[in-house]
Amino acid sequence: MKSSRKKRTIQLTRKIKESARLFGADIVGIASVERFEKAPKGFHPRDLMPNAKSVLVIGKYFPLGVLRGNSKAALTKVYETLFVALDQCAYRLCALIENQGGQALPIPADVPYYSWDKRKQHGKGDLSHRHAAVLAGLGSLGKNSLLLTPEFGNRVNLTSVLTNFPLVENPPFERDLCIAGCDRCLRSCPANALRGDATVIQKECRKLHSITTGRGFKLFACWECRRVCPVQGNLFPKSNAKK
């Protein structure tokens, strides 16, 4: 009985991961909820889904040209496109999981989120996708608080899906991809919002993070901490070699 259950779990995990890629994910990882013991109160997977057993984390990369370019409109549109694509992928994974007899809860890739400290101008999603990604074996956190991945460096956006299925988890990511002694992101931040401990002072970051054009469009205006980071991943090496 245990052998057949284990085989079923392995097959189901493979099916979910393969489907995630078919639905558009570029990276996929899984962590058991037991790895989230350090999650803040109210932001643990089981605070959101009491019977959760696994956290599925998926990511999509954005082009190096967007990172190196100077178009606020292009970066904004790519971000918006990725967030929609990630949410759609998460929804389709939930449908797949429930079709297999399980339950699943998609966590928004970006907005909306409930937690907001008005004084500090600090917002938090229901679950930290970047911390979940580290626990799911996808990468490590840089000094700029961004997830660094072997494949794409910091050029990924993320979302997560909670499920009551006990899936086969990835080994946690234990390497540090952030280069020792490097402080380019810290020195380049025009808002001085980075402290080097993988956190961001959001109140300071928000002052320069976005702008509203004369037409009323809200655009991302600063991505220096991404742009200057030397960790750009090992995929598309010819593009990455061009600084």
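No experiment lies behind these values; they were computed from the predicted model shown.

Draft legend 1. Representation of empty space enclosed by the protein in the model. As enumerated under the stated definition, the model contains 1 cavity of 30 Å³ or more in all. As a volume, the largest cavity reaches approximately 90 Å³. Gly142, Lys143, Asn144, Leu148, Cys178, Ile179, Cys182, Arg184, Cys185, Cys229, Pro230 and Val231 together form the lining of the largest cavity. Considered class by class, the residues forming the lining of the largest cavity number 8 nonpolar, 2 polar and 2 charged.

Draft legend 2. Summary view of the nonpolar core. With 31 residues, the main nonpolar core has Ile16, Leu56, Ile58, Leu93 and Val161 as its most contacted residues. For this core, the secondary structure elements donating two or more residues are helix H1 (2-22), strand S1 (27-32), strand S2 (54-61), helix H3 (64-68) and helix H4 (72-99). Among the elements that make up this core, the one with the highest residue count is H4 (12 residues). What Ile58 contacts, discounting residues up to four positions off in sequence, is Ala20, Ala25, Ile27, Val28, Leu86, Cys89, Ala90, Leu93, Asn157, Leu158 and Thr159. Core analysis: the second largest hydrophobic core is formed by 22 residues, Ala31, Phe36, Met49 and Leu162 among them.

Draft legend 3. Looking closely at the environment of Glu98. Mapped onto the elements, Glu98 comes out in helix H4. Separated by 66 residues in sequence, Glu98 and Asn164 place their C-alpha atoms 10.0 Å apart. Once residues within four sequence positions are removed from consideration, Glu98 is found in contact with Gln103 and Ala104.

Draft legend 4. A look at the packing of H1 against H4. In contact at an axis separation of 10 Å, H1 and H4 are set at 150° when each is read in the N-to-C sense. It follows that H1 is roughly antiparallel to H4 by the angle criterion. As H1 runs across H4, the sense of the crossing is right-handed. In this structure, H1 contributes Lys15, Ile16, Ser19 and Ala20 to the contact, and H4 contributes Cys89, Leu93, Leu96 and Ile97. Residues of the contact of H1 with H4, tallied by class, amount to 6 nonpolar, 1 polar and 1 charged.

Draft legend 5. Here's a closer look at the packing of aromatic side chains. With the rule as written, the count across this model stands at 4 aromatic pairs. An aromatic cluster of three or more residues is present, and its members are Phe62, Tyr79, Phe83 and Phe220.

Draft legend 6. Here's a closer look at the environment of Gln100. Inspection of the secondary structure puts Gln100 in the loop between H4 and strand S3 (104-107). With relative accessibility at 24%, the residue Gln100 sits in the partly exposed group. When the C-alpha atoms of Gln100 and Leu48 are compared, they prove to be 21 Å apart, with 52 residues separating the residues in sequence. Non-local contacts of Gln100, meaning those with residues more than four positions away in its chain, are made with Arg8, Leu12, Lys15 and Phe165.

The rules we used
Residues numbered from 1 in each chain as written. Predicted model: local features only at pLDDT ≥ 70, side-chain atom pairs only at ≥ 80, totals over all residues. Heavy atoms only, no water. 1 Å grid on protein atoms, 1.4 Å probe; cavity = no way out; pocket = protein on both sides within 12 Å on 5 of 7 lines; lining within 4 Å. Points joined across faces, edges and corners; volume = space filled by probe spheres on them. Nonpolar A, V, L, I, M, F, W, Y, C, P; charged D, E, K, R; others polar. Core = buried A, V, L, I, M, F, W, Y, C linked by side-chain atoms within 4.5 Å. Buried < 20%, exposed > 50% of the residue type's maximum accessible area, 1.4 Å probe, protein only. Helix = DSSP H or I, 4+ residues; strand = E, 2+ residues; numbered from the N terminus. Contact = heavy atoms within 4.5 Å. Axes fitted to C-alpha atoms, helices over the stretch in contact; angles between N-to-C directions. Parallel < 35°, antiparallel > 145°, perpendicular 65-115°, else oblique. Left-handed = near helix turned anticlockwise from the far one by under 90°. Phe/Tyr/Trp six-rings, centres within 6.5 Å; stacked < 30°, edge-to-face > 60°.

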